[in-house]
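Structural overview for review
The primary structure of each chain is shown beneath.
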Amino acid sequence: MGCGTAGKKYSLVWLPHRQQSQVSRTFNLTFNFKVNYEDAKAFRKANGGYLRGGQWNDLLVEVYII
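Let us now look at the overall build of the protein chain. When helices and strands are counted, the protein chain shows 2 helices and 3 strands. Mapped in sequence order, the helices and strands of the protein chain form the string β-α-β-α-β. Relative to its full complement of 66 residues, the protein chain shows a buried share of 15%. A sequence separation of at least 24 residues applies to 48% of the contacts in the protein chain between residues at least 6 apart.

On to the environment of Leu60, then. Mapping Leu60 onto the fold places it in strand 3 (residues 59-65). Taking C-alpha positions, Leu60 is 4.4 Å from Lys34, a pair spaced 26 residues apart along the chain. Filtering out sequence-adjacent residues up to four positions away, Leu60 remains in contact with Asn32, Phe33 and Lys34.

Low pLDDT means the predicted atomic positions in that stretch should not be read closely. For the protein chain, the average pLDDT comes to 75, and 59% of its residues sit at 70 or higher. Averaged over each element, pLDDT in the protein chain is lowest for helix 1 (residues 17-20) (50) and highest for helix 2 (residues 37-46) (94). Low pLDDT, under 50, characterises residues 1-5; the predicted model gives this stretch 4 contacts beyond four residues in sequence or across chains.

Turning to its location among the elements, Leu51 is positioned in the loop between helix 2 and strand 3. Separated by 10 residues in the primary sequence, Leu51 and Lys41 have C-alpha atoms spaced 5.5 Å apart. Residue contacts for Leu51: discarding those within four places in its chain leaves Tyr37, Ala40, Lys41, Arg44 and Trp56.

With that settled, the discussion passes to helix 2. N-cap assignment for helix 2: the residue whose side-chain oxygen lies 3.2 Å from the backbone N of Glu38 is Asn36. Within two residues after helix 2, Gly48 carries a phi angle of roughly 80°, on the positive side.

Calculation criteria
Residues numbered from 1 in each chain as written. Predicted model: local features only at pLDDT ≥ 70, side-chain atom pairs only at ≥ 80, totals over all residues. Heavy atoms only, no water. Helix = DSSP H or I, 4+ residues; strand = E, 2+ residues; numbered from the N terminus. Buried < 20%, exposed > 50% of the residue type's maximum accessible area, 1.4 Å probe, protein only. Contact = heavy atoms within 4.5 Å. pLDDT = per-residue confidence, 0-100. Polar contact = N/O pair within 3.5 Å; in protein donor to acceptor, adjacent residues only side chain to side chain.

This is the structure we're talking about:
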């Protein structure tokens, strides 16, 4: 995956009152990033694999730390 911060978004998320009963904390840290073809191709190449353009669709990864 890419090393830069391009495309990364960091935010604190406040949970509405009805969701707080399901999660013990009042806020969460979330971020997301996109894994594009070039990132996936570089990863596969670094690990001895090959990736064709038709094998990949961009992937948006969302991470929630509760």
